[in-house]
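Structure assessment
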Amino acid sequence: MRDVYIARSSAIASRVLAGETMVMHVTDSTFFTLNEVATAIWHAADGVTPLAEIVTRNVCPNFEITPQEAFADAEEFVRELATHGILQVSDHPMLAQAVLNQSSGAGAP
Amino acid sequence: MSLMYEMNNKAFDHGVPLSVHMDVTYRCNERCVHCYLDHDDHGEMTTAEIKGIIDQLAEAGTFFLTFSGGEVFLRRDFLELVAHARKLLFNVKVKTNAVMIREREAQELRRLGVEQIQISVYSHRAEVHDAITKLPGSWARTTRAIRFLKDQGLKVTIANVLMNDNFDDYKGAQALAEELGVSYTLDPTVSPKMDGDHSILSLRVPGTALPTVFHDPSLVGDVAEYCAPPSAPGEDVLNGYPCSAGHTSCYITPYADVFPCVQFPLPSGNLRQQKFLDIWRNSTQLEDVRSIRARDLPTCSGCGHVGTCSRCPGLAFMEGDMRGPSTVDCEKSFYRTGVPSANMRRRGLEVPAPHPMQQLVQIAPALVQGL
Ligand code: SF4
Ligand code: SF4
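Note that the structure is predicted; figures quoted are calculated from it, not measured.

The immediate surroundings of ligand 1 are formed by Cys 243, Ala 245, Cys 261, Gln 263, Phe 264, Cys 312, Pro 313 and Gly 314 of chain B. Taken together, the residues of the shell around ligand 1 break down into six nonpolar, two polar and no charged.

So, in structure tokens, the structure goes:
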């Protein structure tokens, strides 16, 4: 299985409300809420930890779910958020500055 | 039900201050004829104080943070404050007259990830706008700034206040917004000044002029639905709360005073003396505001409009009783639907009466009051 690295875009606003995470893309105002499992992945999306490790370390022990199921769900979740520019996905680790530049979009210096 | 609506309900149930409006200064480079503020600096918060409050708001669960004033860009640290809020992942909105926004500021607002910018424009004609702001050249500078912001891909809304001086221009201003590719809002509310001076209320358009606006589909959408006579309020309406003020939102002044809303000047605590959450959870004033249900309102609970009226408890408070009717909203309900309000019936009026100006509460920053 190839490694996938995920990082939160800098063009988002986010806050936890009673266990759920609200995320809004500040450019197009797309609004999402993440359940507890998705929240666990979201908070661990640092650009340098492989998704498989996030799932094994932050999801499986805390939620009753097998690694296979968890990884399949996580990949789908990551794909959806990436489509909306809320998560950056790469097959190699991402530095914080690189993530910032990628997500600042049209018109950014 | 939209996701946002669901989250609002959740914040309501958990008592989370989801939205906070913070005025970072009352100083301004314009002198708008309808402005209710005292523009002198009576000791506004320092950069460190505001950052500390922003930290507390993040902890309290605030998601939407609106920076306003006065003119926010008169604070040299304004972009630093925005950067701090964005680092804590707030959804940041900015209200400004935009006079000081040039390409560099527009780029910075974009880079920092500000979600929305609301800009006051009172007419499509420079001379009418400048006569209201009393700053020659302001229309040209403001509209140029809107173009800079649009070039950066930022979402901009033109906010217009409907007054006698610009009544004939509200369609022109709407067309200007369209031409610039930005949203447009129009509000006929003029509030009394903070020092209790009510002379600016004479700028308000007379109620008899409101039907023109209320019957304009480009502003209200479906006119028949918007102007329909109200249906009898059900139990859900009577058990409902007046608005979000004090429930999921509040207002912070440049002097660290906390009010339920920017239009509800009930001093509820000061952040130089108390922590935000202490005020939010324990202030007797906020508890009082939160305790009110529509059925507790002596006049409004018996009014057919209560389910659809825009009744603002803050304006009612400024008239003397937060549980009373808000005359401005009675007027709007009447001229929108043609149906008299309970307030009018109680006073034996066939058309809304002029505003009870003598009863207006005197408001001043807590610091000035010596609290
Ligand atoms: S109704 Fe009045 S007090 Fe309530 S949120 Fe609106 S402006 Fe504020
Ligand atoms: S119309 Fe007047 S009396 Fe009726 S609910 Fe609105 S504010 Fe109250």
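At the interface, 25 residues of chain B touch 24 residues of chain A. Both faces considered, chain B and chain A share a buried interface measuring about 2100 Å² in area, 60% of it formed by carbon and sulfur atoms. When the buried area of chain B at its contact with chain A is split by residue, Met 7, Phe 63 and Arg 110 of chain B rank highest and sum to 28% of it. At the boundary of chain B with chain A, the tally comes to one salt bridge. When the shortest N-O distance is used, the salt bridge between Glu 20 of chain A and Lys 10 of chain B registers 2.4 Å. The tally of links from chain B across to chain A stands at eleven residue pairs in polar contact (both at pLDDT 80 or more). Secondary structure elements with two or more residues in the side of chain B that touches chain A: helix H1 (3-14) and helix H4 (103-112) of chain B. If you tally residues by element for the side of chain B that touches chain A, the top one is H1 of chain B, at six residues.

Within the structure shown, the criterion is met by twelve aromatic pairs over all chains. With 5.7 Å between their ring centres and 45 degrees between their planes, Tyr 251 of chain B and Phe 259 of chain B make a pair best called tilted. Each member of the pair Tyr 251 of chain B and Phe 259 of chain B is classed as buried. Pairing Phe 334 of chain B with Tyr 335 of chain B gives two aromatic rings, centres 5.0 Å apart and planes at 75 degrees, and the pair type is edge-to-face. This pair shows no difference in class: Phe 334 of chain B is buried, exactly as Tyr 335 of chain B is. Here a set of aromatic residues connected by ring pairs shows up, and it is made of Phe 31 of chain A together with Phe 63 and Phe 64 of chain B. Sitting over the face of the ring of Phe 90 of chain B, Arg 15 of chain A holds its NZ or CZ atom 4.4 Å from the ring centroid.

This brings us to the confidence of the model for chain B. Residues and elements named next belong to chain B. Averaged over every residue, the pLDDT of chain B is 92; residues scoring 70 or more account for 95%. Segment residues 357-371 is flagged for pLDDT under 50; beyond a separation of four residues in sequence, or across chains, it makes 36 contacts in the model. Reported confidence for the predicted complex is 0.85 by ipTM and 0.91 by pTM.

Adjacent strands of a sheet form backbone hydrogen bonds with each other and so pair up, either parallel or antiparallel. All names here are of chain A. Taken together, three strands build an open sheet; the order of strands is E2-E3-E4 and the sheet is antiparallel. Both edges of this open sheet fall to strand E2 (12-17) and strand E4 (31-34), since each of them pairs with a single strand only. In this sheet, neighbouring strand axes are inclined to one another by 20 degrees on average, regardless of whether the strands run parallel or antiparallel. Of the pairings in the sheet, the one linking strand E3 (residues 20-25) to E4 comprises four bridges and is antiparallel in character.

Looking now at the pattern of salt bridges. All names here are of chain B. Considering all chains together, one arrives at 18 salt bridges over all chains under this definition. Ionic pairing is found between Glu 80 and Lys 51, a salt bridge with its closest N-O pair at 2.7 Å. Taken together, the positions of Glu 80 in helix H3 (residues 78-87) and Lys 51 in helix H2 (residues 47-60) put the pair 29 residues apart, joining distant regions of the chain. With relative accessibility at 40%, the residue Glu 80 sits in the partly exposed group. For Glu 235, the salt bridge goes to Arg 295, with nearest N and O atoms at 2.8 Å. Here Glu 235, found in helix H11 (residues 235-238), pairs with Arg 295, found in the loop between helix H13 (284-291) and helix H14 (313-319); they are 60 residues apart in sequence, far enough to count as distant. A network of salt bridges, in which partner residues are shared, links Arg 27, Glu 44, Arg 75 and Asp 77.

All right, on to the confidence of the model for chain A then. Residues and elements named next belong to chain A. Per-residue confidence for chain A gives a mean pLDDT of 84, with 85% of residues at or over 70. Least confident of the elements in chain A is helix H4 (residues 96-103), whose mean pLDDT is 46; most confident is E2, at 96. With pLDDT under 50 throughout, residues 97-109 is counted as low confidence; its partners more than four residues away or in other chains account for 18 contacts.

Conventions adopted
Throughout this document, residue positions are counted from 1 along each chain, in the order its sequence is written. Starting at A for chains and at 1 for ligands, labels are handed out in the order in which the entities are written. At least 70 in pLDDT is required for a residue's local features to be given in this predicted model, at least 80 for side-chain atom pairs to be given and counted, and no such filter applies to totals for whole chains, interfaces and linings, which use all residues. The basis for every side-chain value is the complete set of heavy atoms in the structure, and neither hydrogens nor water enter the calculation. Throughout this document, a residue counts as near a molecule or strand when at least one of its heavy atoms sits within 4 Å of that molecule or strand. Gly falls in the polar group here, along with every residue not listed as nonpolar (Ala, Val, Leu, Ile, Met, Phe, Trp, Tyr, Cys, Pro) or charged (Asp, Glu, Lys, Arg). Contacts: residue pairs with any heavy atoms within 4.5 Å of one another. The term buried area means the drop in 1.4 Å probe accessible area that two parts suffer when joined, counted for both and summed. We define a salt bridge as a side-chain nitrogen of Lys or Arg found within 4 Å of a carboxyl oxygen belonging to Asp or Glu. N or O atoms closer than or at 3.5 Å make up a polar contact, with two conditions inside protein: a donor-capable atom paired with an acceptor-capable one, and, for residues adjacent in sequence, both atoms drawn from side chains. Here a helix means four or more residues in a row that DSSP labels H or I, a strand means two or more in a row labelled E, and each is numbered from the N terminus. Side-chain rings of Phe, Tyr and Trp, where Trp is taken by its six-membered ring, are said to pair if the distance between their centres is within 6.5 Å; with planes under 30 degrees apart they count as stacked, over 60 as edge-to-face, and otherwise as tilted. Here the term buried applies to any residue with accessible area under 20% of the maximum for its type, exposed to any over 50%, and partly exposed to those in between, with areas from a 1.4 Å probe on protein chains only. Geometrically, a lysine NZ or arginine CZ counts as sitting over a ring once it is within 6 Å of the ring centre and also within 35 degrees of the ring normal. Scored between 0 and 100, pLDDT is the confidence that the predictor attaches to each residue. Note on pairing: two strands pair once DSSP finds at least 2 bridges between them. Lines are fitted to the C-alpha atoms to define the axes, a helix being fitted only along its stretch in contact, and any angle between axes, read from their N-to-C directions, falls within 0 to 180 degrees.

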